[in-house]
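If you want the building blocks of each chain, they are given just below.
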Amino acid sequence: MRLRELILKINPIYLRYKIFNIIKYFVTRKLTLSSVYYQPLRMDIEPTTGCNFRCTMCAVSSPNFTAKNMNFETFKKIIDQNKQLLNIKLQGMGEPFVNKHLFEMISYANNYGIAVELISNGSLINKDYVKKISSSFLSRISISIDGATNETFEKIRVRSNFEIVKKNVLNLISSLKLNQSRPELRALSLIQTDNFHEISDIADLCYKMGFDNLYYQVQLTGWGKTDWEIINKKKNIELKKIKDTLNAVIEKYKYKNFKIGIIEDNLLNFEKKCSYPYETPYVSAKGKIVPCCMIADDKVINFGDINDEKFSTIWNSSKVKDFRKNIKNNNLEDYCKNCYKEYRN
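Residues numbered from 1 in each chain as written. Predicted model: local features only at pLDDT ≥ 70, side-chain atom pairs only at ≥ 80, totals over all residues. Heavy atoms only, no water.

## Observations concerning the sheet that holds strand β1 (residues 42-45)
Two modes of strand pairing occur in sheets, parallel and antiparallel, and in both the strands are linked by backbone hydrogen bonds.
Part 1 of the reasoning: Here we have 9 strands laid out as an open sheet, ordered β9-β8-β7-β5-β4-β3-β1-β10-β11, and mixed in their pairing. At either end of the open sheet lies a strand with only one pairing partner, and these are β9 (259-263) and β11 (289-290).
Part 2 of the reasoning: As judged from the 2 bridges shared by strand β10 (residues 282-283) and β11, these two strands associate in the antiparallel manner. Of the residues in β11, the one forming a bridge with Tyr282 is Val290. (Pairing = 2+ DSSP bridges. Helix = DSSP H or I, 4+ residues; strand = E, 2+ residues; numbered from the N terminus.)

## As for the pattern of salt bridges
Part 1 of the reasoning: According to the stated counting rule, one finds 17 salt bridges in the structure shown.
Part 2 of the reasoning: Its salt-bridge partner being Arg42, residue Glu279 comes within 3.2 Å of it at the nearest N-O pair. Residue Glu279 is located in helix α11 (residues 276-279), and its partner Arg42 is located in strand β1; the two are separated by 237 residues in the primary sequence.
Part 3 of the reasoning: As a salt-bridge pair, Arg140 and Glu117 come within 3.1 Å of each other at their nearest N and O atoms. Taken together, the residues span a long stretch of sequence, with Arg140 in strand β5 (residues 138-144) and Glu117 in strand β4 (residues 115-120) at a distance of 23 residues. Neither residue differs from the other here; Arg140 and Glu117 are each classed as buried.
Part 4 of the reasoning: The network of salt bridges with shared partners includes Glu117, Arg140, Glu184 and Arg186. (Salt bridge = Lys/Arg side-chain N within 4 Å of Asp/Glu carboxyl O. Buried < 20%, exposed > 50% of the residue type's maximum accessible area, 1.4 Å probe, protein only.)

## Focus on the packing of aromatic side chains
Part 1 of the reasoning: Tallying each qualifying case throughout the model produces 17 aromatic pairs.
Part 2 of the reasoning: Measuring from ring centre to ring centre gives 5.7 Å for Phe311 and Trp315, while their planes differ by 25°; the resulting arrangement is stacked. Placement of both Phe311 and Trp315 in helix α12 (residues 311-315) is noted, with a separation of 4 residues, approximately one turn of the helix. Trp315 carries the same exposure label as Phe311, and that label is buried.
Part 3 of the reasoning: Pairwise contacts between aromatic rings join Tyr14, Phe72, Phe75, Tyr108 and Tyr112 into one cluster.
Part 4 of the reasoning: Cation over ring: Arg324 sits above Tyr278, and NZ or CZ is 5.6 Å from the ring centre. (Phe/Tyr/Trp six-rings, centres within 6.5 Å; stacked < 30°, edge-to-face > 60°. Lys NZ or Arg CZ within 6 Å of the ring centre and 35° of its normal.)

## Let's talk about the environment of Ser174
Part 1 of the reasoning: With respect to the helices, strands and loops of the structure, Ser174 is situated in helix α7 (residues 162-176).
Part 2 of the reasoning: Separated by 128 residues in the primary sequence, Ser174 and Asn302 place their C-alpha atoms 41 Å from one another.
Part 3 of the reasoning: In terms of polar contacts, Ser174 uses its side chain to reach the backbone carbonyl oxygen of Leu170, at 2.9 Å. (Polar contact = N/O pair within 3.5 Å; in protein donor to acceptor, adjacent residues only side chain to side chain.)

Read these as spatial facts, not as claims about activity.
What follows is the structure, encoded as structure tokens:
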């Protein structure tokens, strides 16, 4: 319903532009060339690196990590140069609600018929934000639920208060479900050594809270950094070890109008190659173009700064072309290897 309303308000000029870009995408994408003749259909944009949590698996917890908010002018440059976008996801190293311009960003993208979703830790969604969310054209809100008990959740999400998160989320869900037109309410759960014993309990909790669906993710990223790969490797749970448990939970809720899935997009191999540099670029809070959300740190690698040059120039720059060639030829940089099964022990 909400997506249909958004489509109806699109200026016909932008709609034709989007359709033409989609056609170019499907015509050229199958060729897997280093140069692409379309602009991305989707984009991940980092509103901030600031966060009130210090999660054990997140690089924000590094002692020397500094917070940075994306300014609204930078966000507008991204959108103004990418009106062909169908969808953007506001996510990154930080908590989106830290950025005071968040709702301006959502509104600005919506004005060009771009659907917006965001990922939040749920801790800052107060009553005022619930009202703003209700009147916005957000297409999806995803809340991270990494435990079913206070002990487990707060062990992983350091500085959190699970009772506050649950209270905020219940208020959000109950308010939004009063509207016929509302965003999808998704729970995300990153399964690791500290919470895999609560897989079933997490599903039960999310169902009772009223989420539309729940998606489990089972591969922790190292953010392209050796030290974080070492830290998170110890927390990783192999999918095959918990697949039976996950399948049992999926089967349990099969007929309860509560979809449960497993995110496997970042479980790559030489046959199933990374598609991010072809499809979904990541823009850091500083405005730098990063290959993907699995790296999400422009200090590890970036292709250029949208404040210094046009996105279209960066999108087909020699640096990006070389990166795509390396992906195609399985000639991976060290910061990409963590996503490929051939390099995971």
